[in-house]
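Summary of structural features
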Amino acid sequence: MGGMTCAACSTRAEKALRAVPGVHEATVNLATERATVSFDAAETTPLALAEAVQRTGYDVRTEEVTFAVGGMTCAACVGRVEKALRGADGVVEASVNLATERARVRYSAGTDVETLYEAVRRTGYDVVEPEAGVSAADAEQEARARDRHQLQRRLGWAAGLTLPLFLLEMVPMAIPGGMAWIDGLIPMQTRWLVAFALATAVQFGPGWRFYRAGWAAARHGAPDMNTLVALGTTAAYGYSVVATFLPGALPAGAVHVYYEASATIITLILLGKWFEARAKGQTSDAVRALLGLRAETARVVRDGQDTEVPVEEVAVGDVVRVRPGEKVPVDGVVTEGTSYVDESMVTGEPVPVEKGEGAEVVGGTVNQAGSLLVRTTRVGADTVLAQIVQLVGEAQASRPAIQALADRVVAVFVPIVLVIAAAVFAVWLAVGPSPALTYALVAAVSVLIIACPCAMGLATPVSVMVGTGKAAELGVLFRKGEALQTLFEADVVALDKTGTLTEGRPTLTDVALAADADLDEADLLRLVAAVEVPSEHPVGAAIVRAADERGLSVPNAADFEAVPGFGVRGTVEGRRVEVGADRFMARLGVDVGPLADAAGQLADAGKTPLYAAVDGRLAAALAVSDPVKPTTPAAIAALHDAGLRIAMITGDNRGTAEAVARRLGIDEVLAEVLPADKAEAVRQLQSEGGAGGGPAHVAFVGDGINDAPALAQADVGVAIGTGTDVAIEAADVVLMRGDLTALVEARALSAATLRNVKQNLFWAFAYNVVLIPVAAGVLYPALGVLLSPVLGAAAMGLSSVFVLTNALRLRRFQPPVVATV
């Protein structure tokens, strides 16, 4: 814990912790800055404790680690690993993703990461740790390749051993008179012995993986898919062994063998897992494609000579030469040359961008025409490409709220299936036709085999993986997977004006001098530009540019002060100069009445008026105009067509803001909002109510710098990036293109992804809801139909493959066409 300075602090933190439901005792040590808490895990979590401390104003120092987990096969595995991690000392939050096979853990600073690895290993799963000199991504890729190769080898052995069984037992049954012919060719007992040998090799060879993993899961009180498969196939195989070697132990008429069923079930499940592994590999193609954009070498200019070196050896400040057709190897600034650069990998925009001296370039983009010299500004993990890969990976590892239902079901699913299978066996044994034991066995095994939670565990994460990867191709970065859902659920889109709706590069258009001003326009502009030079505001930059363009000599300002949301002031050539909005003049006691009509006319024309006072007297009204981006009107229309209400939040005066809103068809205007009050403006929009009758869900779109509080307050914060700075912490979504058409595409993709998730969840649940009763035999009394365990195994594999292939359809997503004028 951080921020504690005295005994009163530790007492306050203790009181906050003890107030959390489920906490039995809490002590806080001021010297070690550590809290020790005894609590009921059924009532609270470490995350709730950390939030309680943070609400008191103190910090919970945490770190985060992401690592690969091997051996997970279904949603029950995910639940076990998460439970183990959350129970480890120091863990604040843990989430595990079945599709990416990765765990992300937030833990108290100072916790040994090895304890987290051990917690996973104790549950029976592996942790993929990279060897020295090997990156984590490469280690994970190698581990997955080994697993796929091993799975393919097991599948080959299982299929080779099962095929003779299939030909001996199942094919003759499908041919009229086939069984009589095969009995005459090979005596039944001999055939059973051959089947026993083949099935035993499958059961304890390729099928041993289900025993090993299933027993580990059952031993920890959390049976999973492997447990179901092991129980189902063992029941069929064991019954067959008894029928082969101890037939007298079975009731009359119940002596049958199911060797082909147990072997075929294992083979079909392995086949489904192999297809699943291949499809999983395709879901992360987007990230692999991004990684493939990295240049391997760079041509560094040293002592006037070009030297080709590995890109890892390039340092900040090095100058590299990029020839036509080559990838830009590093992030940097052009120092010499002009060219066009294809930045589609960053922005999703196919049109190459002109680059000249002073322009920023991004590593991985492609130089089209001329030769460039680039001074390196970022390397390694700081590059834009590295940040994009990291953000996409983090989004793929997180889970939207819609997955909560699946998580709750999966937590109890396998135990319920075991109870259902036992009940089905008992009912068939009690009231089933003769031979009842045979029917009871077939029905119970079918229930165990068909009821696999694999599809439930994959339904959400694979869609999120493919959706966020596709978004990255379009120049949209979802920093959190849940943003895919919250962006679609937004009722209101609140837009910052400058740089979002407009170009963000205002120009000075008008200067109206006061009647009693003792300055001409050029002298006034010199004084005003002088106090705007130190300012970082775009309006100030417009005034300085205007002075430069007129060739005016701008003096230096002393005692400069910027008043956020109001204006700037300073002393220039011995005169006090103050420039800002009408509210700034009101604060200073300067009457703007003589120029109010002129300022009003400028505002009605969509320009931003401001005033200049010299030595405490009104000197002039100035106006700047920030042109609306050409794509903005069409984007606003597309958002309206999607049923969204559009609001604009701006610091401009109301007249200017409403003029822009009328032109663009914006529904609501919140004008003259200070930067510090933008978050409150978002809260106001949220309180107005949404389409569902509750609070409105607001998406705020801003530039990600001075709009950070509003981005954080919104239900989903959308930052318009510049293509060179993507690590915008306050935003949930980053648009790498600088226009609102990217927002239209992002929302359309979020809708498509959420629709895909719902389809997958429906299939995963419907599959089990429909087929478990069929497997149990509900159709037998009316139709005489009893599902074969073999068909159950095929259906189980098909369910996972269906979910994966349905998610992969998102790779073909085409964004809506936004017609721009």
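If you're wondering where the values come from, they're calculated on a predicted model, not measured in any experiment.

Next up on the list: the packing of aromatic side chains. Counted by the stated rule, this structure contains 15 aromatic pairs. Their ring planes at 80 degrees and their centres at 5.1 Å tell us that Phe196 and Phe245 sit as a pair that is edge-to-face. Note that Phe196 is positioned in helix α7 (residues 188-203) and Phe245 in helix α9 (residues 225-245), a separation of 49 residues in sequence. Geometrically, the ring pair formed by Trp428 and Tyr780 is edge-to-face, given 5.4 Å between the ring centres and 70 degrees between the ring planes.

Below, the discussion takes up unusual backbone geometry. It is generally the case that most residues other than glycine have a negative phi and that most peptide bonds are trans. Along the chain, Ser434 connects to Pro435 via a cis peptide bond; the corresponding omega equals -5 degrees. Structurally, Pro435 can be placed in the loop between α14 (403-431) and α15 (436-450). Residues other than glycine seldom take positive phi values, yet Asp615 does so here, at roughly 55 degrees. Residue classification places Asp615 among the partly exposed residues on the basis of a relative accessible area of 36%. If you check the backbone angles, Glu672 has positive phi at about 55 degrees while not being a glycine. Position of Glu672 relative to the elements: it lies in the loop between β25 (668-670) and α25 (678-687). The exposure class assigned to Glu672 is partly exposed, which follows from its relative accessible area of 38%.

Glancing now at the pairing of strand β20 (residues 567-572). Where strand β19 (residues 557-563) meets β20, five bridges bridge the pair, whose relative direction is antiparallel. In the sheet register, Ala562 faces β20, and the bridge partner there is Val568. The antiparallel hairpin formed by β19 and β20 contains three residues in its connecting segment, where Gly565 sits at a positive phi of about 85 degrees. Inspection of the sheet shows β20 paired to strand β21 (residues 575-580) by six bridges, in the antiparallel sense. In the sheet register, Gly567 faces β21, and the bridge partner there is Gly580.

What follows deals with helix α3 (residues 75-86). Helix length check: α3 (twelve residues) gives 17 Å between terminal C-alpha atoms against 16 Å at 1.5 Å per residue, within 8%. Counting buried positions along α3 yields nine of twelve residues, so the element is predominantly enclosed.

If you check UniProt for "transmembrane region" (unreviewed entry), the listed places come out as residues 155-175, 190-208, 228-250, 256-275, 409-431, 437-460, 761-780 and 786-804 in our numbering. What you have in residues 228-250 is 78% helix and 0% strand, and the ends, taken at the C-alpha atoms, are 24 Å apart. Along residues 409-431, the helical share is 100% and the strand share 0%, with 31 Å between the first and last C-alpha atoms.

Attention now goes to the pattern of salt bridges. Taken as a whole and assessed by the stated rule, the structure comprises 28 salt bridges. Taking the shortest distance from any N to any O, the salt bridge between Lys607 and Asp510 comes out at 2.9 Å. Here the residue Lys607 occupies a position in the loop between α22 (593-604) and β22 (608-614), and Asp510 occupies one in strand β18 (residues 507-513), the gap between them amounting to 97 residues. On the basis of relative accessible area, Lys607 is assigned to the partly exposed category, the value being 21%. Given a relative accessible area of 24%, Asp510 falls into the partly exposed group. Arg575 is paired through a salt bridge with Asp615; the nearest N and O atoms lie 3.1 Å apart. Of the two residues, Arg575 sits in strand β21 while Asp615 sits in the loop between β22 and β23 (617-625), which places them 40 residues apart along the sequence. Exposure remark for Arg575: the relative accessible area of 21% places this residue in the partly exposed category.

Turning to its location among the elements, Val447 is positioned in helix α15. Filtering out sequence-adjacent residues up to four positions away, Val447 remains in contact with Val417, Ile420, Ala421, Val424, Ile772, Ala775 and Ala776.

In this section: the side chain of Gln387. Position of Gln387 relative to the elements: it lies in helix α13 (residues 384-397). Taking the relative accessible area as the measure of exposure, Gln387 reaches 13% and is therefore buried. Polar contacts involving the side chain of Gln387 include one to the main-chain carbonyl oxygen of Asp382, which spans 2.9 Å.

Judged by pairing direction, the sheet is mixed, and its seven strands sit side by side in the order β16-β28-β27-β26-β17-β24-β25 without closing on themselves. In the strand order of this sheet, the two ends are held by β16 (476-478) and β25, each with one partner. Going across the sheet, the axis of each strand differs from the next one's by a mean of 20 degrees, ignoring polarity. Here strand β27 (residues 716-720) pairs with strand β28 (residues 733-735) via three bridges, running parallel. Pairing of Val718 across the sheet is with Val733, part of β28. Running at roughly 155 degrees to β25, helix α24 (residues 654-664) makes contact with β24 (645-649) and β25 of the sheet.

As a further point, take the domain arrangement of the protein chain. Each assigned domain of the protein chain is listed here: domain 1 (7-138), domain 2 (139-285), domain 3 (315-378), domain 4 (383-477 + 751-820), domain 5 (478-502 + 629-750) and domain 6 (507-625). Taken over C-alpha atoms, the centre of domain 1 sits 42 Å from the centre of domain 3.

Mapped onto the present numbering, the UniProt feature "domain: HMA" (unreviewed entry) falls at residues 1-61 and 63-128. Secondary structure content for residues 63-128 is 33% helix and 38% strand, while the C-alpha to C-alpha distance between its ends is 20 Å.

Those residues of helix α23 (residues 632-641) not exposed but buried are Thr632, Ala634, Ala635, Ile636 and Leu639. Among the structural elements, β17 (492-496), α18 (497-501), β24, α24 and α27 (741-776) are those in contact with the buried residues of α23. Where α23 terminates, the next one or two residues include Gly643, which has phi positive at roughly 90 degrees.

The next thing to look at is the pairing of strand β8 (residues 305-310). Where strand β7 (residues 297-302) lies against β8, six bridges are found, and the strand directions are antiparallel. Considered in β8, the bridge of Thr297 is made with Pro310. Where β7 hands over to β8, the hairpin turn is made up of two residues, of which Asp303 adopts a positive phi near 55 degrees.

Here the focus is the environment of Leu674. Along the chain, Leu674 falls in the loop between β25 and α25. When the C-alpha positions of Leu674 and Glu51 are compared, they lie 29 Å apart, and in sequence the two are 623 residues distant. For Leu674, the contacting residues outside a window of four places in its chain are Gly565, Phe566 and Arg583.

Strand order in the open sheet formed by six strands is β8-β7-β9-β15-β10-β13, and the pairing between neighbours is antiparallel. The open sheet has two edge strands with one neighbour each: β8 and β13 (360-361). Here four bridges tie strand β9 (residues 319-322) to strand β15 (residues 372-378), and the two strands are oriented antiparallel to one another. In the strand pairing of β15, Val320 is matched with Val374.

In this structure, Phe67, Leu85 and Phe478 are the most contacted members of the largest nonpolar core, which totals 142 residues. Per-element tally for this core: the top contributor is α27, with twelve residues. Once residues within four sequence positions are removed from consideration, Phe67 is found in contact with Leu85, Glu101, Arg102, Ala103, Val105, Tyr117, Val120 and Val127. Residues Leu552, Val572, Val577 and Val614 belong to the second largest nonpolar core, which totals 27 residues.

Definitions and limits used
- Residues numbered from 1 in each chain as written.
- Predicted model: local features only at pLDDT ≥ 70, side-chain atom pairs only at ≥ 80, totals over all residues.
- Heavy atoms only, no water.
- Phe/Tyr/Trp six-rings, centres within 6.5 Å; stacked < 30°, edge-to-face > 60°.
- Helix = DSSP H or I, 4+ residues; strand = E, 2+ residues; numbered from the N terminus.
- Buried < 20%, exposed > 50% of the residue type's maximum accessible area, 1.4 Å probe, protein only.
- Pairing = 2+ DSSP bridges.
- Expected span 1.5 Å × (residues − 1).
- UniProt positions renumbered as here; feature names shortened; annotations may be inferred.
- Salt bridge = Lys/Arg side-chain N within 4 Å of Asp/Glu carboxyl O.
- Contact = heavy atoms within 4.5 Å.
- Polar contact = N/O pair within 3.5 Å; in protein donor to acceptor, adjacent residues only side chain to side chain.
- Axes fitted to C-alpha atoms, helices over the stretch in contact; angles between N-to-C directions.
- Domains from an automatic or database assignment.
- Core = buried A, V, L, I, M, F, W, Y, C linked by side-chain atoms within 4.5 Å.

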